[in-house]
Amino acid sequence: MADTLLDIRDLKTWFATDDGMVRAVDGIDLHIDRSETVGVVGESGCGKTVTARSILKLIDMPPGRFEGGQILWQGRDLLPLGAAEMDKIRAREIAIVFQEPMTSLNPVYTVGAQIAEVLREHEKLTRRQAIDRAAEMLSLVNIPNAKARVHDYPHQFSGGMRQRVMIALALSCRPKLLIADEPTTALDVTIQAQILELMQEMKERFGMAIMLITHAMGVVAETCQRVTVMYAGKVVEEAPVDALFGNPRHPYTQGLIRSIPRVDRAATHKERLEAIPGTVPSLVDPPPGCRFARRCRFASDVCRQAMPPLKQVGPGHFVRCVL
């Protein structure tokens, strides 16, 4: 536990809607150690982004609310903290790169002003010092001619460059944990590789941990040490990356891995890309038992009766399945 930065215990983040209470995150456990990259995977609607926003308490209340659990940051529970106390933690200790680089930056301020605002708030720098540091951060994330471009507006940058600006903004205060919420969304494959390589370089430079949210299993295999698989607001499997890809135990994880295109076999084998049938169930009134049972080819009556517990099946390998 001495090396654990973040320890989420039985977190429940629910949202009140006209149709009822949506249990977006419904009792998850997740931990991240120092200097570790943890991948959080699952299809859309499984609760990945809500988990990330819950850590920084960026949930709109109402309609959202924390129904229970703990978010322990270096042993301190964040849930009871007020806005002023959370402001001291956001960006300075825990930073986030949001999902959409095209809309995450304010279009009416220069990118330098947006980075400088964070630095002036947390580092107490002067305006000139903050702009100079912003230019240094832009140079660090490989934006050419950073001293001039620090005065440019977001629309003057491409999508990949905007994502670099977002990373520079997130890392400006040297946080201990970076939450990257699908940081390669809407970017082409070449730029995706550059952004992931940049994040790895920054991790090694600053010695920080990364929580990488994605549904690209190939990205997880390349960048993460440990993987948490979420489905319908629950953690269904957690394992070191080699164990997860070498011996996936939950049928949902197996389906995700089988849906990865196999470039190494494309020339010699013509195979139809496998898909998981059905959709994520409604979280307003989730089905009893295992939430994946309706889509699982191995499901039996016992799967539909009670939610299976998360059981250890190997070193650091946990799975929520009766099989």
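The residue numbering used here restarts from 1 in each chain and proceeds along that chain's sequence as written. Side-chain atom pairs in this predicted model are given and counted only at pLDDT of 80 or more, local residue features only at pLDDT of at least 70, and totals for whole chains, interfaces and linings cover all residues. Heavy atoms throughout the structure, all of them, feed into the side-chain values; hydrogens and water do not.

(A) Broad picture of the environment of Arg 34. Runs of E in the DSSP output that reach at least two residues are strands. Runs of H or I that reach at least four are helices, and both are numbered from the N terminus. Tracing the backbone through its elements, the reader meets Arg 34 in the loop between strand 2 (20–33) and strand 3 (37–41). Between the C-alpha atoms of Arg 34 and Glu 204, which are 170 residues apart in sequence, the distance is 12 Å.

(B) Geometry of the packing of helix 3 (residues 111–122) against helix 4 (residues 127–140). Note on definitions: angles span 0 to 180 degrees between N-to-C directions of axes, and those axes are lines fitted to C-alpha atoms, for helices only across the stretch in contact. Here helix 3 crosses helix 4 at 115 degrees, and the two axes come no closer than 8 Å. Relative to helix 4, helix 3 is oriented so that their crossing is right-handed. On helix 4, the residues touching Val 111, Gly 112, Ala 113, Ile 115, Ala 116, Leu 119 and Arg 120 of helix 3 are Arg 127, Ala 130, Ile 131, Arg 133, Ala 134 and Leu 138. Crossings are assigned a handedness: left-handed for a near helix turned anticlockwise from the far helix by less than a right angle, right-handed for a clockwise turn. Contact criterion: two residues are considered in contact whenever any of their non-hydrogen atoms come within 4.5 Å of each other.

(C) Geometry of the environment of Ala 216. Mapping Ala 216 onto the fold places it in the loop between strand 8 (209–214) and helix 8 (217–223). Through-space distance from the C-alpha of Ala 216 to that of Met 21 is 29 Å; in sequence the pair is 195 residues apart.

(D) Expanded view of unusual backbone geometry. In this model, Met 61 is joined to Pro 62 through a cis peptide bond whose omega is -15 degrees. Along the chain, Pro 62 turns up in the loop between helix 1 (48–55) and strand 4 (64–73). At the junction of Pro 62 and Pro 63, the peptide bond is cis and its omega measures out at 10 degrees in the coordinates. Within the secondary structure, Pro 63 is located in the loop between helix 1 and strand 4. One non-glycine residue with positive phi stands out, namely Ser 35, at about 60 degrees. Along the chain, the position of Ser 35 falls in the loop between strand 2 and strand 3.

(E) Layout of helix 3. In this analysis, the expected span of each helix is defined as 1.5 Å times one less than the number of residues it contains. Between its terminal C-alpha atoms helix 3 stretches 17 Å, which fits the 16 Å expected from 12 residues at 1.5 Å a residue. Elements that come into contact with the buried residues of helix 3 comprise helix 2 (83–89), helix 4, helix 5 (146–149) and helix 6 (159–171). Phi turns positive one or two residues past the end of helix 3, at Lys 124, with a value near 60 degrees.

(F) Focus on the sheet that holds strand 1 (residues 4–17). For two strands to pair, DSSP has to find at least two bridges joining them. What the 4 strands build is an open sheet, ordered 2-1-4-5; its pairing is antiparallel. The open sheet terminates on both sides in strands that have one partner only, identified here as strand 2 and strand 5 (76–77). Examined bridge by bridge, strand 1 and strand 4 share 8 bridges and lie antiparallel to one another. Residue Lys 12 lies in a different strand from strand 4, and its bridge partner there is Gly 68.

(G) Quick peek at the packing of helix 3 against helix 6. Running from N to C, helix 3 and helix 6 cross one another at 20 degrees; their axes reach a closest spacing of 9 Å. As judged from the angle between their axes, helix 3 and helix 6 are roughly parallel. As helix 3 runs across helix 6, the sense of the crossing is right-handed. Every residue of helix 6 that contacts helix 3 at Val 111, Gln 114, Ile 115 and Val 118 is listed here: Val 165, Ala 168 and Leu 169. Any residue outside Ala, Val, Leu, Ile, Met, Phe, Trp, Tyr, Cys, Pro, Asp, Glu, Lys and Arg is labelled polar, Gly included; the first ten of those are nonpolar and the last four are charged. Residue classes in the contact of helix 3 with helix 6 are distributed as 6 nonpolar, 1 polar and no charged. Should an angle fall under 35 degrees it is called roughly parallel, over 145 degrees roughly antiparallel, and 65 to 115 degrees roughly perpendicular, with every other angle called oblique.

(H) Geometry of the packing of aromatic side chains. Within 6.5 Å between ring centres, the rings of Phe, Tyr and Trp (the latter by its six-membered ring) count as paired, and their orientation is classed by plane angle as stacked under 30 degrees, edge-to-face over 60, tilted in between. Tallied over the full model, the rule gives 3 aromatic pairs. An angle of 55 degrees between the planes, with centres 4.6 Å apart, marks the rings of Tyr 231 and Tyr 252 as tilted. Remark: Tyr 252 occurs in helix 10 (residues 251–258) and Tyr 231 occurs in strand 9 (residues 226–231); sequence separation between them is 21 residues. Categorising residues by exposure relies on relative accessible area from a 1.4 Å probe, with only protein chains included: less than 20% of the type maximum marks a residue as buried, more than 50% marks it as exposed, and the intermediate range marks it as partly exposed. Tyr 231 gets classed as buried once you look at its relative accessible area, which sits at 1%. You can call Tyr 252 buried: its relative accessible area is 0%. Taken together, the ring pairs in this structure connect Tyr 231, Tyr 252 and Phe 292 into an aromatic cluster. Two thresholds decide whether a charge sits over a ring: the Lys NZ or Arg CZ must be within 6 Å of the ring centre and within 35 degrees of the ring normal. Positioned above the aromatic ring of Phe 157, the side-chain terminus of Arg 149 is 4.0 Å from the ring centre.

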